[in-house]
Amino acid sequence: MTACARDVVALIEGDPGLWPALTTCVTDTNGLTTVHYAAVYGGGLASSLFGPDGVVSRWRSRLHAPTEAKRERAQGRERVLTLRGHHSGYAVTVLFTVLAGSRNLDADGPEQESHQ
C-alpha cells in the first residue's frame, strides 16, 4: 500500500462521518488516490452525502485547495460531483455519484456541467 493510500485510509477510518455511501478507495500506479461514494436519490445514503455536516462538506474541509466539478449524465438519472485536492501533500479525487429512476432529480433543468 502506498503512503497516499495509507493516509487516505487512516483519514476515512478515523472519521465515521466519511463512511456513509462509501463504495471504494483505489490508488493508481502514479500515487493518485480516488475515493468513490454512490447512493440512490431520495434515499438515506444520498441525504447523508449533502448538507452542512454531510460527507461532501467533510471532504471539502479536509482537502487542501479543493476544486469541484458537477456533471449530469444519462438524461438526468446520474449526477456526479467530483472534488479534487490534496491531503498531506498527496493528490486525492473524491467522486460522488447519485442515481435516480426519474428524469428530474430537482429543478435544475437540462443536462449541464459546471466547474467552481
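Residue positions are given per chain, counted from 1 along the sequence in the order it is written. A pLDDT threshold of at least 70 governs which residues receive local features in this predicted model, and a stricter bar of 80 or more applies before side-chain atom pairs are shown or counted, although totals over entire chains, interfaces and linings include all residues. Remark: hydrogens and water are excluded; side-chain values derive from all non-hydrogen atoms of the structure.

K.L.:
Is there a simple way to think about the overall build of the protein chain in this case?
P.N.:
The secondary structure listing takes helices from DSSP runs of H or I that are at least 4 residues long and strands from runs of E that are at least 2 residues long, numbered from the N terminus. Of regular secondary structure, the protein chain possesses three helices and six strands. Its helices and strands in sequence order give the protein chain the pattern α-β-β-α-α-β-β-β-β, from N to C terminus. Accessibility here uses a 1.4 Å probe with only protein chains present; expressed as a share of the type maximum, an area under 20% marks a residue as buried, one over 50% as exposed, and anything in between as partly exposed. By the burial criterion, 36% of the 116 residues in the protein chain qualify as buried. In this description, contact between two residues means that some pair of their heavy atoms is separated by no more than 4.5 Å. Partitioning the contacts of the protein chain with sequence separation of at least 6, the portion at a separation of at least 24 is 51%. Accessible areas in this description were obtained via Shrake-Rupley with a 1.4 Å probe; residue shielding takes into account the shown protein chains only. Summing over all exposed atoms, the protein chain offers an accessible surface of approximately 6500 Å²; the carbon and sulfur share of this is 55%.

K.L.:
Got a minute to help me understand the nonpolar core in this structure?
P.N.:
The nonpolar side chains of a soluble globular protein tend to be buried, and buried together. Here the nonpolar core consists of buried residues drawn from Ala, Val, Leu, Ile, Met, Phe, Trp, Tyr and Cys, with membership extended through side-chain atoms lying within 4.5 Å. Counting residues in hydrophobic clusters, the biggest one holds 20 residues, and the most contacted among them are Tyr37, Leu49, Trp59, Val94 and Phe96. Every element with two or more residues in this core is listed here: helix 1 (3-13), strand 2 (33-40), helix 2 (44-49), helix 3 (55-62), strand 4 (78-87) and strand 5 (90-99). It is strand 5 that contributes the most residues to this core, four residues altogether. Each residue touching Phe96, except ones within four places of it in the same chain, is listed here: Tyr37, Leu49, Val55, Val56, Trp59, Arg79, Val80, Leu81 and Leu83.

K.L.:
What am I meant to see in the confidence of the model for the protein chain here?
P.N.:
Note that predicted coordinates carrying low pLDDT should not be read in detail. Confidence of the prediction at every residue is given by pLDDT, a number between 0 and 100. Here the protein chain averages 83 in pLDDT, and 85% of its residues register 70 or above. The least confident element of the protein chain, judged by mean pLDDT, is strand 6 (residues 113-115) at 43; the most confident is helix 3 at 95. Low confidence marks residues 103-116, where pLDDT is under 50. Its contacts with residues over four positions away, or in another chain, come to 29 contacts.

K.L.:
Looking at this structure, I do not really get the environment of His87. What am I missing?
P.N.:
Within the element layout of this structure, His87 appears in strand 4. Under the relative-accessibility criterion, His87 is labelled buried at 15%. Sequence separation between His87 and Ala65 is 22 residues, and the spatial gap between their C-alpha atoms is 9.5 Å. Every residue in contact with His87, bar those within four places of it in the chain, is listed here: Asp7, Leu11, Arg62, Leu63 and Val92.

K.L.:
What is the right way to look at the packing of aromatic side chains in this model?
P.N.:
For any pair of aromatic rings, geometry is given as the distance between the ring centres together with the angle between the planes. Only the six-membered ring of Trp is used, alongside the rings of Phe and Tyr, when aromatic pairs are assigned; centres must lie within 6.5 Å, and planes under 30 degrees apart are stacked while those over 60 apart are edge-to-face, with the rest tilted. In this structure the tally under the stated criterion is one aromatic pair. Look at Tyr37 and Phe96: their rings are 5.1 Å apart centre to centre, the planes differ by 15°, and that puts the pair in the stacked class. Taken as a pair, Tyr37 in strand 2 and Phe96 in strand 5 lie far apart in primary sequence, 59 residues in all. A relative accessible area of 0% means that Tyr37 is categorised as buried.

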